[in-house]
Amino acid sequence: MQRLKPAPSAQAVASPCVNVCRMSAFTGLCEGCLRTIDEIAGWSAYSDRQKRAVLARLPARKAGR
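Just so we're clear, the structure is a prediction, and the values are computed from it rather than from any experiment.

(A) Quick look at the overall build of the protein. Within the protein, the secondary structure is distributed over two helices and zero strands. For the protein, the residues scored as buried account for 23% of the 65 residues in total. When contacts within the protein are restricted to residue pairs at least 6 apart in sequence, those whose partners lie at least 24 apart make up 38%. Surface exposure of the protein reaches about 5300 Å², of which carbon and sulfur atoms provide 57%.

(B) The arrangement of unusual backbone geometry in detail. Although it is not a glycine, Asn-19 sits at a positive phi angle of roughly 60°. Among the secondary structure elements, Asn-19 is positioned in the segment before helix H1 (37-42). Not every positive phi belongs to a glycine, and Leu-34 is a case in point at roughly 70°. Here Leu-34 is to be found in the segment before H1.

(C) Seen up close, the packing of aromatic side chains. Per the stated rule, a full pass over the model turns up one aromatic pair. Relative to Tyr-46, the ring of Trp-43 has its centre 6.4 Å away and its plane inclined at 55°; by these criteria the two rings are tilted. On the basis of relative accessibility, which here comes to 23%, the residue Tyr-46 falls in the partly exposed class. One Lys or Arg, Arg-35, reaches over the ring of Trp-43 and ends 5.0 Å from the middle of that ring.

(D) Quick look at helix H2 (residues 48-63). Between the first and last C-alpha of H2 there are 24 Å, a value that for 16 residues agrees with the 22 Å anticipated at 1.5 Å per step. Within H2, the full set of buried residues consists of Lys-51, Val-54, Leu-58 and Arg-61. Packed against the buried residues of H2 are H1.

(E) Inspection of the environment of Leu-55 at higher detail. Its location among the elements puts Leu-55 in helix H2. Among the residues examined, Leu-55 registers a relative accessible area of 30% and is labelled partly exposed. A C-alpha to C-alpha distance of 8.8 Å links Leu-55 and Arg-35, two positions 20 residues apart in sequence. In this structure Leu-55 touches Val-13, Ala-14, Pro-16 and Trp-43, once residues within four positions along its chain are discounted.

Rules used in this analysis
Residues numbered from 1 in each chain as written. Predicted model: local features only at pLDDT ≥ 70, side-chain atom pairs only at ≥ 80, totals over all residues. Heavy atoms only, no water. Helix = DSSP H or I, 4+ residues; strand = E, 2+ residues; numbered from the N terminus. Buried < 20%, exposed > 50% of the residue type's maximum accessible area, 1.4 Å probe, protein only. Contact = heavy atoms within 4.5 Å. Areas by Shrake-Rupley, 256 points an atom, 1.4 Å probe, with all protein chains shown as cover. Phe/Tyr/Trp six-rings, centres within 6.5 Å; stacked < 30°, edge-to-face > 60°. Lys NZ or Arg CZ within 6 Å of the ring centre and 35° of its normal. Expected span 1.5 Å × (residues − 1).

If you want it as structure tokens, here you go:
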């Protein structure tokens, strides 16, 4: 019997990547999306809840630039 993958959630959390992938040595954040290298590397494995938590931190990071 073939197993079917569940349909993607209609509320799937999109990546904040803007294709400006440079890590700042000063902040430790990507200059494009403002995520840490660990957040970028883990994104595809994160649950939607974890992704939303990352997204919630981004405005403060942007304000602190």
